[in-house]
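# Fold and geometry: a report
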Amino acid sequence: MEKKLIVETTQVRLDRFLAEKIPQYSRTYCKDLIERGLVKVNGKNRPPAFLLGGGELVSVSTLSPSWAKAPFESWILHEDKEILILNKPAGLLVHPLGTSWLKDPDAALGDKEANLVGYLVLNRPKLLTQGLSRCGIVHRLDRQTSGVMVVALGAATQQKLLDDFKEHRVEKLYRAIVLGELK
């Protein structure tokens, strides 16, 4: 997906301009997009500190088509003011590899592979303002595993759920479908 922006101000840094024009992205995330070559000024790569003079066309390529096509809302099994319960599809990473998304959840969107954190950022951006760590995620499922995931929507709920998982007060049931004969 590409977003095109016309620069209307002068003497503003490219990373600051993006953060102001796309408020759901932090300046750090914008800088990362620029450094990875996903931002062009009049068709050319420029550094984050590049000063815009006004009238330039800034193109931002952020999301691969696979991000836009995911039926996130159809994964929701239950949602209220405290929790979001989803049916995570097999093949979907819960979070990107590395730790940059922990400091800046928007970074999950820049990952070339779709992940649940990125979908939460896109579809439940309010999570980013709730003082939650890990975007409210309290447990993981492996990439190839489909199943129910619980996401906290508030800090107190997240802490309670983290404690419940840690103390094994959450009952988990796993089912597997096997093709062929087990040895």
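Our subject in this report is the structure included herewith. (Residues numbered from 1 in each chain as written. Predicted model: local features only at pLDDT ≥ 70, side-chain atom pairs only at ≥ 80, totals over all residues. Heavy atoms only, no water.)

## Quick notes on the sheet that holds strand 9 (residues 147-152)
The strands making up a sheet associate through hydrogen bonds between their backbones, and the pairing can be parallel or antiparallel. Read across the open sheet, the 3 strands follow the order 7-8-9; overall the sheet is antiparallel. Each edge of the sheet is formed by a strand with only one pairing partner; in this case those strands are strand 7 (76-79) and strand 9. Across the sheet, the axes of successive neighbouring strands diverge by a mean angle of 15°, strand direction being ignored. Summarising the sheet, strand 7 and strand 8 (residues 83-88) pair through 3 bridges and their orientation is antiparallel. Residue Glu79 lies in a different strand from strand 8, and its bridge partner there is Leu84. In this fold helix 7 (residues 155-166) packs onto strand 8 and strand 9, with an angle of close to 135° to the strand it touches most, strand 9. (Pairing = 2+ DSSP bridges. Helix = DSSP H or I, 4+ residues; strand = E, 2+ residues; numbered from the N terminus. Axes fitted to C-alpha atoms, helices over the stretch in contact; angles between N-to-C directions. Contact = heavy atoms within 4.5 Å.)

## Topic: the sheet that holds strand 3 (residues 39-41)
Taken together, the 4 strands give an open sheet; going across it, the order is 1-6-3-4, and neighbouring strands pair in antiparallel fashion. Whereas interior strands pair on both sides, the edge strands pair on one side only; in this sheet they are strand 1 (2-6) and strand 4 (44-45). In the sheet, strand 3 pairs with strand 4 via 2 bridges, with the strands oriented antiparallel. What sits directly across from Lys40, in strand 4, is Asn45.

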